[in-house]
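Secondary and tertiary structure notes
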Amino acid sequence: MAAEPTDDRLEKLIDLIVRLSAGDLSQRMETSPARDSIDAVTTGINLLAEELETLYDELEARIAHRTELLERAQNELRRLVDTDELTGLASRRLVRERIDAGLQTADDDGLAAVVILALRGFRLINDTFGHSAGDAVLVEVAQRLRAAMGDAGSGGHLVGRLGGDEFAVLVTGQDPEGVLWTARTVLDTLRERVVVNGIQISLRGNVGIRYAERQLAVEEMLRDADAALEASKAKGHGSISVFNPAMHEVVAQRVRVASELRAAFSKGEIEVFYQPIVGLADATLAGAEALVRWRHPVRGLLPPSTFLDIAEDAGLMVELGRCVLTQVVETAGEWAHDPGLPEHFSLHVNISPAELAHGDLTAHIRRLLDDAGLPGPRLTVEITESAIMTGGPDSRQTLRSLGELGVPIEIDDFGTGYSSISYLRTLPAVRAKIDKSLVDTIASDPTQVAFVDAIVRLIHAAGLTVVAEGIEDEAQAGLLRELGCEYGQGYLFARPMPAAELGRLLRAVQEGDQHAAR
């Protein structure tokens, strides 16, 4: 009797289930012609496998999409972290990361140096024109630096913003001369003024350099670069300083001076000296310029060159200016009621750009004048022409309101900046002061005489009188007199003196001692 055919469908079905359970969802089993219960189960499992495979494919697609989105988000987050939001330059974090990596190759044509640029007077730009203008300046500087340094990914130097008004350039593959060339190029980007809302803003800056060394840490590298930057600021704007260890003491000293200066206001250590201003035609005493001094308890009497720059960086110029203004007005008030005081005698006080940008300057001066019972003409405000030109509409309105208060306006350091006839005619100024640098060589250089002559004519054409500062000998005074300069100031006539000494000089003038007045 022949054996019946073996039905292996059940084994195949079990094998299918095992493969599907193992994750191979592409497996299928054909049904037989019998169309029995095994085939029914097979059909059901095939349908379930197809549904699972579809679900699995959709899940994989979703996972792939979500993974792509996550990678994009991570890349965007990395870009945001690595990029300064305002300027588009490398962020401080990325700069630190690149310094850290570069220090490992500092001796192998890798990172050569960190060059830090800081803008000077940036706080004043924000105070005068608003933070949007300050942001516009930062963006413009960033674009100039990027253009000057090239694309870091194409062989250029990495340019980043450390924060505020500080930028960093990571110089790679350069010798010391190449690094210095880069530093000079960085400063050159500030030569052209920035135009914001139709107003030209002059830029100033300082640069500090720290050369890379393998054993340095990132924090040390940036700290030393900052020390070099502070040393550069101490030398004046436009300077470049290369780090040396002694600079840490310079930084510490500037911090100490700023702290002591804050305390000096309340301790009464700020004093005002006065340098007489005389009529060149007859040597009459026409006024005196107020010059700030700091009577330091340890270092003695300090000239402004030792602390004004620090005061500016520390944001103390307004407080310092208010301290000087108060003393000047009080002194002028004491003398104003003396019947022997020359009729047109006035005390001149310099107003810094920071003070001019302060919204309540006119109200503050009005209060001081009222408290002292002082007529406005007895106080003259001196403001540099560069501060006037870059001060914006609000600053010019402040000057006009001071003019309405009766306080004469004098343009200081004329001939060293813009020298624009347009603002000479539109501002309520009554005098312009020729800068000392123009007077120094007038007696020895004929071309300088012609130049000063042109400036005097320009001032007179605007209806203003002329004051020349820095006159040290009779030859200079004689030439200026011949050119039509009305007033003079300098060591030829008198050195800066305390208020009490000027008071004695005024009394001598009142008594008719013209020799003492000279």
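Our subject is the structure listed above.
I will try to describe carefully the structure that is included in this document. All of these numbers come straight from a predicted model, not from anything done at the bench.

Bringing the pattern of salt bridges into the picture now. By the definition in use, this model includes 30 salt bridges. Where E230 meets K233, a salt bridge forms, and the shortest distance between an N and an O atom there is 3.4 Å. Pair noted here: E230 and K233 are both in helix α7 (residues 218-235), with a separation of three residues, about one helical turn. Judged by its relative accessible area of 11%, K233 falls in the buried class. Residue K436 is joined to D440 by a salt bridge in which the shortest nitrogen-to-oxygen separation is 2.9 Å. Classification of K436 as partly exposed rests on a relative accessible area of 33%. Of the residues examined, D440 reaches a relative accessible area of 35% and is grouped as partly exposed.

Moving on: empty space enclosed by the protein. By the definition in use, this model includes one cavity of 30 Å³ or more. Taken as a whole, the largest cavity spans an internal volume of roughly 40 Å³. As for the largest cavity, its lining consists of A332, W335, A336, L341, F345, L347 and R378. For the lining of the largest cavity, the element with the highest residue contribution is helix α10 (residues 317-336), accounting for three residues. Considered class by class, the residues forming the lining of the largest cavity number six nonpolar, no polar and one charged.

All right, on to helix α8 (residues 247-267) then. Compared with an ideal rise of 1.5 Å per residue, which puts 21 residues at 30 Å, α8 spans 30 Å between its outermost C-alpha atoms and is within 8% of the ideal. Among the residues making up α8, those that are buried are M247, R254, V257, A258, L261, A264 and F265. Each element contacted by the buried residues of α8 is listed here: α7, β7 (240-242), β8 (270-279), β9 (285-296), α9 (308-313) and α10.

With that settled, consider unusual backbone geometry. Generally, phi is negative for residues other than glycine and the peptide bonds are trans, each holding for most cases. The phi angle at A283 is positive, at roughly 60°, despite the residue not being glycine. Turning to its location among the elements, A283 is positioned in the loop between β8 and β9. Take A283: its relative accessible area is 12%, and that puts it in the buried class. Of note in this structure, D413 is not a glycine but carries a positive phi near 55°. Mapped onto the elements of the fold, D413 is located in strand β13 (residues 409-414). On the basis of relative accessible area, D413 is assigned to the partly exposed category, the value being 22%.

Within the open sheet, the five strands sit side by side as β2-β3-β1-β6-β7. Their pairing is mixed. Looking at which strands have only one partner, the edges of the open sheet turn out to be β2 (158-163) and β7. The average undirected angle you get between the axes of adjacent strands in this sheet is 20°. Note: strand β1 (residues 111-120) against strand β3 (residues 166-172), seven bridges, orientation antiparallel. Bridge pairing in β3 places V114 opposite L170.

With respect to the element layout, Q275 can be found in strand β8. We classify Q275 as buried; its relative accessible area is 9%. Within the structure, Q275 has its side chain in polar contact with the side chain of Q489 (distance 3.1 Å). Apart from the residues lying within four places of it in its own chain, the contact partners of Q275 are G287, A288, E289, L291, Q489, G490, Y491, A494, R495 and P496.

For the rest of this paragraph, the subject is the layout of surface pockets. Space left empty within the atom packing is revealed by a probe, the size of a water molecule, rolled over the atoms. The space that makes up the second largest pocket amounts to roughly 310 Å³. Lining the second largest pocket we find 18 residues, and of these A286, H344, F345, R431 and Y487 sit closest to its centre. Elements represented by at least two residues in the lining of the second largest pocket include exactly β8, β9 and β11 (346-350). The class makeup of the residues in the lining of the second largest pocket is nine nonpolar, five polar and four charged.

Here the focus is a nonpolar patch on the surface. A surface patch of nonpolar side chains, about 280 Å² in accessible area, is lined by L10, I14 and V18. Mapped onto the fold, V18 is located in helix α1 (residues 9-21).

Two numbers describe a pair of aromatic rings. These are the distance of the centres and the angle of the planes. If you walk through the whole model with that rule in mind, you get two aromatic pairs. Measuring from ring centre to ring centre gives 5.6 Å for W294 and F307, while their planes differ by 90°; the resulting arrangement is edge-to-face. Taken together, the residues span a long stretch of sequence, with W294 in strand β9 and F307 in the loop between β10 (300-302) and α9 at a distance of 13 residues. On the basis of relative accessible area, W294 is assigned to the buried category, the value being 0%. F307 gets classed as buried once you look at its relative accessible area, which sits at 0%.

At their nearest, the axes of helix α4 (residues 122-129) and helix α5 (residues 131-149) sit 6 Å apart, and the two run at 135° to each other. Classified by the interaxial angle, the pair formed by α4 and α5 is oblique. Contacts between α4 and α5 involve F122, I125, N126 and F129 on the former and, on the latter, H131, A133, G134, V137 and L138. Taken together, the residues of the contact of α4 with α5 sort by class into six nonpolar, three polar and no charged.

A contiguous patch of negative charge on the surface is contributed by E330, E334, D370 and D371. Contributing elements (two or more residues each) for the negative patch: α10 and α12 (361-372). With respect to the helices, strands and loops of the structure, D371 is situated in helix α12. D371 sits in the exposed class, given a relative accessible area of 70%.

Take the side chain of D165 next. Tracing the backbone through its elements, the reader meets D165 in the loop between β2 and β3. Despite its burial, D165 pairs with no opposite charge, the nearest such side chain being K233 at 6.2 Å. The contacts of D165, once residues within four sequence positions are left out, are L117, A118, L119, F122 and L138.

Conventions we followed
Think of each chain on its own: its residues are numbered from 1, step by step along the sequence as written. Confidence filtering applies because this is a predicted model: local features only for residues at pLDDT of at least 70, side-chain atom pairs given and counted only at 80 or more, and all residues used for totals across whole chains, interfaces and linings. With hydrogens and water set aside, each side-chain value is computed from the structure's full complement of heavy atoms. Think of a salt bridge as a Lys or Arg side-chain nitrogen and an Asp or Glu carboxyl oxygen that are within 4 Å of each other. Strands here are runs of E lasting at least two residues and helices are runs of H or I lasting at least four, both read from the DSSP assignment and numbered beginning at the N terminus. Here's how the labels work: a residue is buried when its accessible area is under 20% of the maximum for its type, exposed when over 50%, partly exposed in between, all with a 1.4 Å probe on protein chains only. Only protein atoms enter the 1 Å grid used here, on which a cavity is any set of points holding a 1.4 Å probe that cannot leave and a pocket is any open set flanked by protein within 12 Å on both sides along at least five of seven lines; residues with an atom within 4 Å of a point are listed as lining. Grid points are joined across faces, edges and corners, and a volume is the space filled by probe spheres set on the points. Under the grouping applied here, Gly and all other residues not named as nonpolar or charged are polar, the nonpolar ones being Ala, Val, Leu, Ile, Met, Phe, Trp, Tyr, Cys and Pro and the charged ones Asp, Glu, Lys and Arg. Helix span, as expected, comes to 1.5 Å for every residue beyond the first. What makes two residues a contact is simply this: any of their non-hydrogen atoms within 4.5 Å. Any two strands between which DSSP finds at least two bridges are classified as paired. In this analysis an axis means a line fitted to C-alpha atoms, helices contributing only their contacting stretch, and an angle means the value between N-to-C directions, from 0 to 180 degrees. Under this definition, polar contacts are N or O atom pairs within 3.5 Å; protein pairs additionally need one hydrogen-donor-capable and one acceptor-capable atom, and for neighbouring residues in sequence, both atoms have to be side-chain atoms. Excluding any residue in a salt bridge, patches collect residues exceeding 30% relative accessible area, merging like charges within 9 Å and nonpolar Val, Leu, Ile, Met, Phe, Trp and Tyr side chains within 5 Å. Residue exposure ignores everything except the shown protein chains as possible cover, and the areas themselves are Shrake-Rupley values with a 1.4 Å probe. Under the pairing criterion, centres of Phe, Tyr and Trp rings, with the six-membered ring standing for Trp, must be within 6.5 Å; the plane angle then separates stacked pairs below 30 degrees from edge-to-face pairs above 60, leaving the rest tilted. An angle below 35 degrees is read as roughly parallel, one above 145 as roughly antiparallel, one from 65 to 115 as roughly perpendicular, and any other as oblique. The charged-residue count follows a simple rule in which Lys and Arg add positive charge and Asp and Glu add negative charge, with His and chain termini not counted at all. Where a charge sits is defined by one atom per residue type, namely NZ (Lys), CZ (Arg), CG (Asp) or CD (Glu).

In short, geometric facts, not functional conclusions.
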